[in-house]
Each structure stands twice: as C-alpha cells, then as structure tokens.
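# Structural description and commentary
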Amino acid sequence: MTVEELLARADTVQAEGLALIAAASTRSELDAARTAVLGRKSGRLTALLAELPALAPDARRPAGAVVNRAKATLEAALAAREEELAATARVTQLPRDLTLPARERWQGAMHPVTRVIEEVSDIFRELGFTIALGPEAETEWYNFGSLNFPPDHPVMDLHDTLYLASGSAGEQGEMLLRTHTSPVQIRVMQQHAPPIRVLAPGNVYRHDPFDPSHAPMFAQIEGLAVDEGISFVDLKATLTRFAERFFGTGRTRFRPSYFPFTEPSAEMDVECGVCSGFGCPTCKQSGWVEILGSGMVHPDVFTAAGVDPERYTGWAFGMGPARIALARHGIPDIRLLYESDMRFLGQFR
Amino acid sequence: MNASLRWLNDFLGRNASADEVRDILTARAATVESVAPVRADLTEIVIGRVVEAGRHPDAEKLWLTRVDAGGGELLQVVCGAPHVEVGTSYPFAPVGATLPGGVTIEKKKIRGQLSNGMLCSARELGLGSDHTGILALQTDAAPGTRFLDATDAGDVRFEIDVLPNRPDLLSHEGLARELAAALGSELRPWTLSVASSAPSDRSAGPVPAPNAVEREGTTDGVRVRIEDADGCPRYVGTVIRGVTIGPSPSWLAERLEAAGVRSINNVVDVTNFMLHGFGQPMHAFDLARLGGEVVIRSSAAAERLQTLDGVDRALPPGTTVIAGAEHAQAIAGVIGGAGSEVTEATKDIFLETALFNPKRVRATRRALGVSTDASYRFERHVDHQQVAARASVAAGLIVALAGGHVAAPGVDVRAGSEESPVVALRPDRVARVLGEDIGTAEMVRLLASVGFEPRDATDGSGVLSVAVPSWRSDAREEIDLIEEVARLHGYDSFSSELRPFRPTTVPDDPMVALERRLRGALVGAGLLEARPMPFVAGASDERLRLRNPLAENEAYLRESLLDGLVRAAEHNLSHMARSVRLFEIGTVFRASGEPRPTERRHVGVLLMGHAEPQHFTNASPRSFDPWDIKWLAELVAKTAFPPRDVRFNISDSDGEIVAPVSRILWKIALDGQSLGAVSLLQLDAPVWASPAYAFELDVTNAEVAARHVEYGSLPVTPVAEIDLALLVPDGVTAEEVQKVIRDQAGDVLESVALFDEFRGPGLEPGVRSLAWRLTFRHPDRTLRDREIEARKEKLISALARELGVRARTG
C-alpha cells in the first residue's frame, strides 16, 4: 500500500467510523461500533495502524500522525456518544405516567388553639413581654380575694367554679380550679419587682356543661404590664398594635366593661374581618367582634400583691384563644376542639 | 335589660334614633347586643300614596285606586274602605307581603279588577281595633318607605348587656341619663302626659308623701312593721282603695311589650312600669288578704309559700318574707305569693315600695333557684333615696289608670340607713392613670353630667370632693371616679400611640421554650396535637376529686395523660381512622400532703395503625410497632434531658399495671428516678385495629437550658467497616452483646449499629442471629487490615467467653 492509499483509507475509516458511532442508539450498538473501528483484532483503524511498519521509513512518521489523529477523533466521538447515551438512559428511567401521586409522609399539626397562643405570644414578645406560667389548681384567695372580687356579688355568677375536695387551704380559702389566668398576675407581682411585662397563657376551668359555645375547660391568655407611669394610653396603644399584627386591622373599639380587678375596665373589639364592619351574622350585625377584656390594674390588687399602688400603675388583659380559633377558622362548635378527632386536627397543618 | 326606644325618648324629650342610642350606650355605658323592631311583623309594609281613586265599575262599595308604592309605576289596587283620599298616604302591603295575622297578599282579581296589594287598616296591622277604614298617615315619607321607618308604630327594642356594677342602668331612666349626658341635654322628668295624650287616662293627681317612721307605723288602718332590719332597711306601704282592675291603656301595654314584658292588668302593669322605667321593683298585694297587718320578718321554721308562678315552696331558714296577719305573703325582693295576688276581684291594694338587702336577696334567689326582674335588681342595688318618691308616682299612676283613691299618706318604715359617700379625686392622679390630662374643668363637667356633684376642696389643694348620687352604688373610691371620667370622656378619645417602655424584670418561664421544642419535634414526626379535657372517672386518691363535678364520670382530676389519649383513639377508631397519631403536652395532678395538689407537666404520645400513608408503591403500609414508639420516646427524652443518660429499662414487674396499659415495654428513668413508661395499651377497638402503643414522660424537671453543643472535628482518615454476624442464645440481650463489643473494640470503634435480626431455618432452636456493622477509624492514620482482623478476633473470643455468643459462619 502506498502512502497515498493509506491516507485515503484513513479518511474513509474515520468518516465511516464517525457515521457508525453517530448511528449507535444503544450502549451495545456503541460497543459494536467501537469493536468495528478500534477492536484489537478486526478494528479497521487497528488494521491501518498495522500497515504503518510496511511503509518507507521517511513516510512512516507523517502517515502515523494522520492515522493517530483519526484514532483520537474516533475515540473522542465514542466517549461523547457514550456520555449522550448515558444521559438518555437516565431520562428514560423515569416513570411514564407522571400524574401518579407523590409518596407522602405523615404530617403533624399543632392544635389550632396552640397556634393562636403561639402567634399571640410572638407578637407580645416583640412588644417586650416574657411568658409566665402558674398553677391550674388555685386557692380562693389567688383566684378571687386578691383580685378584688366582692364576696356574694353578682359578678360571681360569671365565675361558676369547680372546687376540689382536698380541703381548705386555711386563710387562703378553698382549693379550686382557677376560673381565669388572672391569679398569675398576683404570683408574678409577688415574685418580681416592676417593671413587669408578662403574658400568661394557660387552661382555666368553669362549671359550665359542654354546649356548642361553652366548655368546662378552655385556654386563656393573660397579659400584665406594671411600671411607674403606665397608663390607659399604653393599654390602648399596645392592644391596638397587637390587633393590627394579629388581625391585620388597626380598627379597634374600646367599650366600658367591668372586672373587679381592673378599673377603668374596657372590652376591645376589632372590626369584623368577615364583613369589614358592615354587619353580618358573624358579628351579630354590629360590625365588631369582641376580642379581649382589659383594664388598669385596680389599686386593691396591687395592695394584695405587695405593690405600692401610689407609685406604680399598670394594665392587664385577658383573651380566649379558643374563641379566636373558632372565629378565624369558622369552626361552628367549641366541642370539636376537645374531641381529638384526627380529621379535625389534621386540617390545621 | 330590654329597652324601648320610645320609652327612652320619653325621658329624653327628643327623638333620638335607634343608631344614636346604640352607639352612645355601647361606647359609654353598656353594650347594646341587638337592635330590632318590636313589630318585626310589619317590616314588609310600606308607605303607599293614593294617586287616583274612583268607584269600582262592578261593585258600588269598592274603590278602584292607583297607588304609588315607590316601585316606579302606579299599581292598581282595589280597596273596600268607606273613604279613600287622593293624595293621602296609607300603609300598603305589596304583593308577597305577610300581614301580622299570617295572611300573605297575592295578586288577584276582585270583581273582575286586578288588585296588586292592599291598603291596610289599623286592625289589620295589629295597631289597635279600628277597622272602620284604612289608616290615613300624617307623613311626608316618600312612597315605598318602610312603614316602620316612617311612623312611630316602629318602636325599637334594644337588648343591653348591663354590667354587674351598674344596676342604675337597669331602668329606662338610668339609660336615658347616660344618653342625655352624651347628647348634652337634660333628663326630662317623667309625667303621665309625656307618655299619653289620651283623655281617657285620668291625670295622675298628687298623692300625699308617706310619713317616715322608725320600725313600725300605720297607714289607712294597716300596721306595717319591720322585724328583719338586716333584710329590709326600708319599706314604704301605700293603701289604694276602690280600684277597678282592667286592661292597661295602649301606651302602657305597648311600652311594656316593647321592653319584653307581658301586659297583665292596669295595677300589675304599673308596678312593672316602675321597675323597668325607674329601676324600683314594687309589689301590689290584694289588701283584703293581708288581715290588716304587714310584717317584714325572717321565715319561720318549715314555713311554706305558694308563689305567683304556682310553685309551692319551702322557705329556706332566714328568708326575709312579707307576711300578713297570719302567714307569709311574699318572698322579699324575689317573688309574690299566689294568695295575695291582685285579681279582677281586687278592690283595695297594698302597694309595696321597699329596699332589701342585696346579699340576702341573692342568697334566697340562689337557694330557691328562682330569678325575677325584681331579684335581679335588688341583688345589684336599688336607689336608696328615691323609694318614697317612687311610691307616690306609682300610687298616682294606679289612681289615674285604675281609679280608687289614696285616703291616707303611706307609711315609710325605716330600719336602717344608707348614705352615699363623698369621694376625694386628685386631678393629677386622673392624668397619671389615664395618660392624658383632660383638665379639671372638663372632669367636673363630665361627672356632673350624670349626677355626681364635684366641688373644689376648700384647702386649695386642687383635690375635688365628689358627692356620689344615690343610684351609683358602684362609685366608692377614687379609682371608680377615674373610670367614670375615662368612660364619659370616651375611651376612643384617648391616644393609642405606643410610648417607650422599660424592659421587664421577669424571665421567661423555661417550660415555655421546652414545650415549644417538644411540640416542634412531635409535629415534625407527623403527630397531631390534642388538647382534651382533664377530667376522669377515678383517681388513686380521693383528694383529687372535685367537690362539684359536672358529671360522675368526670369527677376526678387526671393523674396521667393516657386516659385522654385512649378516649381520643377510641373516638377516632369509631370514625374508621386507620392511623392514629396523637400527642398532648399537659398538666397532670397528684395528691400531696397539702390541700393543693402537685402539678406536673407530662408529654403523652399514642400511635396505632398505619405507620405511613398508603401509596401505590406500598398498598399495605406497615403498622406502628414498638420501635416507632421507642424512637419517639427517645426523641422526647433527648429533647427534654439533652446531655443526661435517660434509661429505657425493660419492665419485668407486671403487678403495677393499671388500665389503659396492658403491658409496660420500657420504664423510662433518669438517675434512678422514674420519668414514665412506654406501653402497649388496651382499648375498646374494632377487630381490624392494630395494637396501640403509647408513652408518657414527665418533663417537669427537664434540663431547660439550651443544649450545649461542642464541635467535633471532621475526620480526615478513612473508615474501616466490618460486619459481625453472631449467633446469640436466648436470654442474652442485644444490649449485653453491644456492651461487650464496645468494651473490647477500643477507642478506634467509631460506631456500632445492629442491622439484622434473624431466627428460623438454618439456625438451631434457642438461638437467633444478630448482625452488627462496626465502623473503625483512627484519628491520625489509616488502619491496617491486620489491626481490624485482630480486634475482630479479640471481640469474638470475648463474646464467646462472656456471653456464649459465637460468630456465624458461612
């Protein structure tokens, strides 16, 4: 074979080899192509390489360069095609029907009342409050006496109380299940000097049989701020800021109210979120939804807790996260909160 | 408290609108819960103006009219009234409207002429008995206006939530006082002519003022004596002779009905009018039944009384009663007796206007379980200065409406006295509490607007001396007056600008952060949080019992969270739940040596059923097993007690098991102290249900400080892994084997993990195969195969020596 013939063969082998490689659509076809071109025994390029020693010595070097270039080109093409085929193979491993459903895991959820407590706590933390807790079984003194409840007063009708059979705690009176979280106010003031800004969430109890809007146990969130110079303006400002953050509306209304342990006392309403204040069944046509009771700490409460009522002033509030949960989710019956029904709890993920 | 708009306007001397009344009362005094037309049955009636009227072509007694009812086109209406005036407005019932009697108006032909509605008479609208003609209206209201909006037939009823400290608002006069103060007007004194212009109501002539006496006195031959001075500090008796019992005039019946009170007769209605109008409960006795004597005394032993509601009641000892010569005739401040009730036959009346002790009335009302409009007011406080004046007004009204005469002055028997205080008010204190200085002059004006009498102190200190009016039993201290100022100034008038505050000295309760972490971990593990009731049917100690439980099966405080979780699981199973995954973080109670029980915070978890959601790749998901619950228990224990060695001890004593636990799997302990247990539960479950597992852990003493994490440097040397398949005779636990492995493998053992347990074919009985993967790593160099092999040999011989465990071959 002459040099010219060999070079022409090299061009042909390269062109045909590239065509073969390009035509390979599977891994085995590509392997076959590799064998046909570069195979140790019958590869066509391999055969050309075997011809080189037969050439004239001065022709060997340039011819060898050409053949080796052809070999490198083919090897690169093989590698590239192999990569292409591998990528294609990865794609085709996917399922054909991509509408099939995802593989789920069980998802947990906090109770809707807990969610309200957490959200309310987060907002008040930003307003400088810390969280305090207190016992659920209390004495009459902590629950009523220290909070300025007049004995035998009609206001007691609103606090139908569950008493424990464990006996009297002496001057502290009978043991009972706290009817509100307000005893925590007293406990905090007994243990810490002002300035005080605390939030006290917890369960409270009433002698109320279950019905769609009453439960014998429910959560409450108490708040207390005490310092020199704390005023009704601070009460309004802080609670209005809370309402803006929690309900997304700064439209609040403060109405006169009565709690033995605060004076002046005020009920805070926010604009009804369902009707934006126009009046609807949710807000009983009033345009407002009652959110919390509040007021300036009564001087007698300060005295009971050992705080000087002439030096310090303060404000307090209490709200029902269960009622807020019912309203925000449109839950029609408070009993659903206590049944622990998976179908119910699972909705609040 | 129900109030009538017209009744309030009687006191205001103007026509305040329903919206005005609602907004003022809610903002300043007491929340108006609802506003509703008293005659809701007339809401569909509109004003119709007759534009044309002519005789019906085929019926000489009928009119054929064209009526403008605001709809844009004139309606042809047939009318049977004697007179129809063109240009006059009449109440018009359009097609589709329902009249008070229940008749719905339809489009129909009357003697061949189409009639599109009906012009109404007073009687057809329930506005009186006049049916001689249709009701011509004096109104400028446009046709189509609602009849109720255009005429004063539309009285409005307010439902008002009066707070327990404001008994003065339990009357129309009291509510009107607040309205007048807000509107800047004076309260108009009530007279009969305010309410009625009807000549048939004889004017209320002056009734002589009662004579004040101590303890005992006589009026018109009736001796009145207070024996129970504590129960009754004041009692005014008035005798009215020769009355004619009959229906009340319409103004009185309408006002009472608007306030939700049924009209009974002219005398009883006057007493109710005084109660709802002025807040003074009264009682009218049939004088003939009293035997010439009225004694206010404590009930005798075993005394009984049949009350007005027909119930024969045993009177609790110490009940204040109003007795005639022979026996009790009324329960003071609560309810009258049937025996002395005013009936149609009554001729002479003994009218009671009294004050009763609020606490005694409350005790009686509670003991008898009967609450009345009278007891509601007496319990809260009745104006102690107006008693005699109210008696005279009422007697005058009875004479005006029922005839008869007051022959002798009444008797005003006193057995105690009540004074309203004068309270000092420091204007600077008002500013400090309220946060804004509204000025002394404004304070004085506000207080005076509702009857307080503020005066400057004579010492020049700037302190006000405020005389409290007799109807304001709630105002006794300075702070009460500060509230009064704030309320009358208007809560909404105060700024809501956030001011700087000093940081709190109170640290967060550490349990809050812990519970947040625990809740996050359990929610992240796919569990749903429950907040069940904490009451159970029984407890280990009677001190956990409630004295007044709601039900016998909820009479105790819980000592464990498991009962609640089991009840929840059973509830879910009854709804075919295939997977129950619940947790609670809650309080449990323990009896202590003190009356106060100990409270502990527990975490409880219950798992049963599918451990994973169903998927097409996994049609039968596996069920929760002990290893799932063990992991959650470990997760909670590690979260609550991070660096501590919480032990999961296998339970061998089954003696202490109580329902709902059927078997304790592990007892959880820390430093020898029990923290709880992981258990298999027994519950009321259908046959298809899989086993329920639970754990409960006491986290009260958790390590609440944030866990300290010390960085461990990342390894730079390669690992060497070996698998160790061991034949473990029964009686040897995995934990024991693992302990030997750890002891023998030395420092270079990085981790040891069990990856297989196998029993069955190929193994001799009484032996199982356990396989561990051991990972070795030297911190500084690559371990040589020889070293690993040597350790493995050492391990195997130690296992054989100490536990009889052999390596599995082949």
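This structure is a prediction, so every number in the text was calculated from the model and none was measured.

Per the secondary structure count, chain A includes 11 helices and 10 strands. Taken against the 2.2 N^0.38 rule, which gives 20 Å for 349 residues, the C-alpha radius of gyration of chain A at 41 Å runs more than 25% over that of a compact globule. Principal-axis analysis of the C-alpha atoms places the extent of chain A at approximately 125 × 50 × 45 Å. Expressed as a percentage of the 349 residues in chain A, the buried residues total 52%. Within chain A, contacts between residues at least 6 apart in sequence are counted, and of these 65% link residues at least 24 apart. Accessible surface, chain A: about 15400 Å² in total, of which carbon and sulfur atoms supply 52%.

What follows concerns the packing of aromatic side chains. Evaluated as defined, the whole model comprises 28 aromatic pairs over all chains. Taking 5.0 Å as the distance between ring centres and 80 degrees as the angle between the ring planes, the aromatic pair formed by A:Trp141 and A:Tyr142 counts as edge-to-face. Relative to A:Phe348, the ring of A:Phe344 lies with its centre 5.0 Å away and its plane at 65 degrees, an arrangement referred to as edge-to-face. Each member of the pair, A:Phe344 together with A:Phe348, is buried. What links up through ring pairs into an aromatic cluster is the set A:Phe124, A:Phe129, A:Phe242, A:Phe246, A:Phe247, A:Trp315 and A:Phe317. Stacked on the ring of A:Tyr142, the Lys or Arg A:Arg187 has its end atom at 4.0 Å from the ring centre. Over the aromatic face of A:Trp106 sits the side chain of B:Arg581, whose NZ or CZ is 4.0 Å from the ring centroid.

In this structure, A:Leu48 sits in helix H3 (residues 44–51). The class for A:Leu48 is buried, based on a relative accessible area of 0%.

With that out of the way, let us pick up helix H2 (residues 27–38) of chain A. Residues and elements named next belong to chain A. Between its first and last C-alpha atoms H2 spans 16 Å; for 12 residues at 1.5 Å apiece the expected length is 16 Å, and the two agree. Among the residues of H2, those classed as buried are Leu30, Ala33 and Val37. Taken end-on, H2 shows its buried residues confined to a sector of 55 degrees, consistent with a single buried face.

Glancing now at the sheet that holds strand E10 (residues 313–319) of chain A. Residues and elements named next belong to chain A. Read from one edge to the other, the open sheet built from seven strands follows the order E1-E5-E6-E10-E9-E8-E7, with strand pairing classed as mixed. Looking at strand neighbours, the two that pair on one side only are strand E1 (130–131) and strand E7 (252–259), the edges of this open sheet. Of the strand pairs in this sheet, E1 and strand E5 (residues 196–205) are connected by two bridges, and their pairing is parallel. Residue Ile131 lies in a different strand from E5, and its bridge partner there is Leu199. Those strands touched by helix H7 (residues 183–191) are E5, strand E6 (217–227) and E10, and its axis lies near 40 degrees from that of E6. Of the strands in this sheet, E5, E7, strand E8 (262–271), strand E9 (288–297) and E10 are in contact with helix H8 (residues 232–247), which crosses E9 at around 150 degrees.

Right, let's talk about the pattern of salt bridges for a bit. Applying the stated criterion across every chain, the model contains 76 salt bridges over all chains. Residue A:Glu244 is joined to A:Arg241 by a salt bridge in which the shortest nitrogen-to-oxygen separation is 3.8 Å. Remark: A:Arg241 and A:Glu244 occur in helix H8; sequence separation between them is three residues, near one turn of the helix. Between B:Arg759 and B:Asp730 there is a salt bridge whose closest N-O contact spans 3.1 Å. Of this pair, B:Arg759 sits in the loop between strand E37 (749–758) and strand E38 (767–776) while B:Asp730 is found in the loop between strand E36 (720–729) and helix H17 (734–745), placing the two residues 29 residues apart along the sequence. Classification of B:Arg759 by relative accessible area gives partly exposed; the value is 47%.

Before going further, it helps to spend a moment on the pairing of E36(B). Residue and element names in this part refer to chain B. Of the strand pairs in this sheet, E36 and E38 are connected by 10 bridges, and their pairing is antiparallel. Bridging from a neighbouring strand, Leu726 pairs with Leu770 of E38. As judged from the two bridges shared by E36 and strand E39 (residues 806–807), these two strands associate in the antiparallel manner. By the bridge assignment for E39, Leu726 is matched with Ala807.

Where interface size is given, it is often the accessible area lost as the parts come together that is meant. On the chain A side, the residues contacting the 94 residues of chain B number 110 residues. When chain B packs against chain A, the two sides together hide about 8600 Å² of surface, and 57% of this comes from carbon and sulfur. Considering only the surface of chain B that becomes buried against chain A, B:Tyr491, B:Arg531 and B:Arg596 emerge as the three largest contributors, covering 9% of it. Joining chain B to chain A, the criterion identifies eight salt bridges. Measuring nitrogen to oxygen at the nearest pair gives 3.0 Å for the salt bridge that ties B:Arg516 to A:Asp122. Linking chain B to chain A there are 50 residue pairs in polar contact (both at pLDDT 80 or more).

Turning our attention to the sheet that holds strand E34 (residues 673–681) of chain B. The strands making up a sheet associate through backbone hydrogen bonding, with each pair oriented either parallel or antiparallel. Residue and element names in this part refer to chain B. If you walk across this open sheet you meet the seven strands as E27-E30-E31-E35-E34-E33-E32, and the pairing is mixed. In this open sheet, the two strands that pair with only one neighbour each are strand E27 (528–529) and strand E32 (646–650). Where helix H15 (residues 562–574) meets the sheet, its contacts fall on strand E30 (579–590), strand E31 (598–609), strand E33 (661–670), E34 and strand E35 (692–698), and the angle it forms with E31 comes to roughly 30 degrees. Across the sheet, helix H16 (residues 626–640) touches E31, E32, E33, E34 and E35, and the angle it forms with E35 is around 15 degrees.

Most of helix H11 (residues 427–434) of chain B is tucked away, with six of its eight residues classed as buried. Taken from the residues just after H11(B), B:Gly435 is the one with a positive phi, measuring 85 degrees.

Before going further, it helps to examine the confidence of the model for chain A. Here chain A averages 90 in pLDDT, and 99% of its residues register 70 or above. Mean pLDDT across the elements of chain A bottoms out in H3(A) (82) and peaks in E5(A) (98).

Tracing the backbone shows B:Thr504 in the loop between helix H13 (478–489) and helix H14 (510–524). Reaching out from B:Thr504, the side chain makes a polar contact with the backbone nitrogen of A:Arg197 at a distance of 3.0 Å. Beyond its immediate chain neighbours, meaning those up to four positions away, B:Thr504 contacts A:Gly128, A:Thr130, A:Pro195, A:Ile196 and A:Arg197.

Cis geometry is found at the peptide bond from A:Pro194 to A:Pro195, where omega equals 5 degrees. You can see A:Pro195 is positioned in the loop between H7 and E5. The step from A:Glu263 to A:Pro264 runs through a cis peptide bond, and the omega angle for that step is -5 degrees. With a phi angle near 70 degrees, A:Asn148 is a residue other than glycine that sits in the positive phi range. With a phi close to 70 degrees, B:Arg215 is a non-glycine residue in the positive phi region. Locating B:Arg215 in the fold gives a position in the loop between strand E11 (211–214) and strand E12 (216–219). Residue classification places B:Arg215 among the partly exposed residues on the basis of a relative accessible area of 38%.

Residues and elements named next belong to chain A. Turning to its location among the elements, Thr35 is positioned in helix H2. Thr35 sits in the partly exposed class, given a relative accessible area of 44%. For the pair Thr35 and Thr46, spaced 11 residues apart in the sequence, the C-alpha separation amounts to 9.9 Å. When near neighbours in sequence (up to four residues on either side) are disregarded, Thr35 contacts Ser42 and Gly43.

Moving on, we get to a nonpolar patch on the surface. Taken together, B:Met576, B:Val687 and B:Trp688 make up a surface patch of nonpolar side chains, about 350 Å² in accessible area. Relative to the assigned elements, B:Val687 resides in the loop between E34 and E35.

Residues and elements named next belong to chain B. Contact geometry of helix H1 (residues 5–12) with helix H4 (residues 172–183) gives a least axis separation of 9 Å together with a crossing angle of 60 degrees. Relative to H4, the element H1 is oriented oblique. The crossing of H1 and H4 is right-handed. Seen from H1, the contacting residues are Trp7, Leu8, Phe11 and Leu12; seen from H4, they are His172, Glu173, Leu175, Ala176, Leu179, Ala180 and Leu183.

Cut-offs used in this document
Sequence order as written defines the numbering, with residues in each chain counted from 1. Each chain gets a letter, beginning with A, and each ligand a number, beginning with 1, in the order they are written. Local features in this predicted model are restricted to residues of pLDDT 70 or higher, and side-chain atom pairs are both shown and tallied only at a pLDDT of 80 or more, whereas totals for entire chains, interfaces and linings draw on every residue. Heavy atoms from the whole structure form the basis of all side-chain values; hydrogens and water molecules are not counted. Helix and strand labels come from DSSP, where a helix needs a run of H or I of at least four residues and a strand needs a run of E of at least two; each type is numbered from the N terminus. For this measure, only C-alpha atoms enter the radius of gyration; the expected value for a globule follows 2.2 Å times N^0.38, where N is the number of residues. For every residue, the accessible area obtained with a 1.4 Å probe (protein chains only) is divided by the maximum for its type, and the residue is called buried under 20%, exposed over 50%, and partly exposed between those limits. We call two residues in contact whenever any of their non-hydrogen atoms come within 4.5 Å of each other. Surface exposure here means Shrake-Rupley accessible area, sampled with a 1.4 Å probe, where a residue is shielded only by the protein chains that are shown. Side-chain rings of Phe, Tyr and Trp (the six-membered ring for Trp) are treated as a pair once their centres are within 6.5 Å; stacked means planes under 30 degrees apart, edge-to-face means over 60, and tilted covers the remaining angles. Remark: a charge is flagged as sitting over a ring if the NZ atom of Lys or the CZ atom of Arg is within 6 Å of the ring centre and within 35 degrees of the ring normal. The span you would expect from a helix comes to 1.5 Å times its residue count less one. Read the arc as the range of directions from the helix axis to the C-beta atoms. Think of it this way: DSSP has to see at least two bridges between two strands before they count as a pair. As a rule, the C-alpha atoms of each element are fitted with a line to give its axis, helices using only the stretch in contact, and angles between N-to-C directions run from 0 to 180 degrees. A pair is scored as a salt bridge if a Lys or Arg side-chain nitrogen falls within 4 Å of a carboxyl oxygen belonging to Asp or Glu. For any pair of parts, buried area is found by adding up, for both, the accessible area (1.4 Å probe) each one loses once the two are put together. Nitrogen and oxygen atoms within 3.5 Å of one another constitute a polar contact, given that in protein one can donate a hydrogen and the other can accept it, and given that sequence-neighbouring residues count only through two side-chain atoms. The predictor attaches a confidence to each residue, called pLDDT, with possible values from 0 through 100. Patch members must show over 30% relative accessible area and no salt bridge, and they are joined within 9 Å when carrying like charges or within 5 Å when they are nonpolar side chains of Val, Leu, Ile, Met, Phe, Trp or Tyr. For this classification, under 35 degrees means roughly parallel, over 145 means roughly antiparallel, 65 to 115 means roughly perpendicular, and everything else is oblique. Put simply, a crossing is left-handed when the front helix is turned counterclockwise from the back one by less than a right angle, and right-handed when it is turned clockwise.

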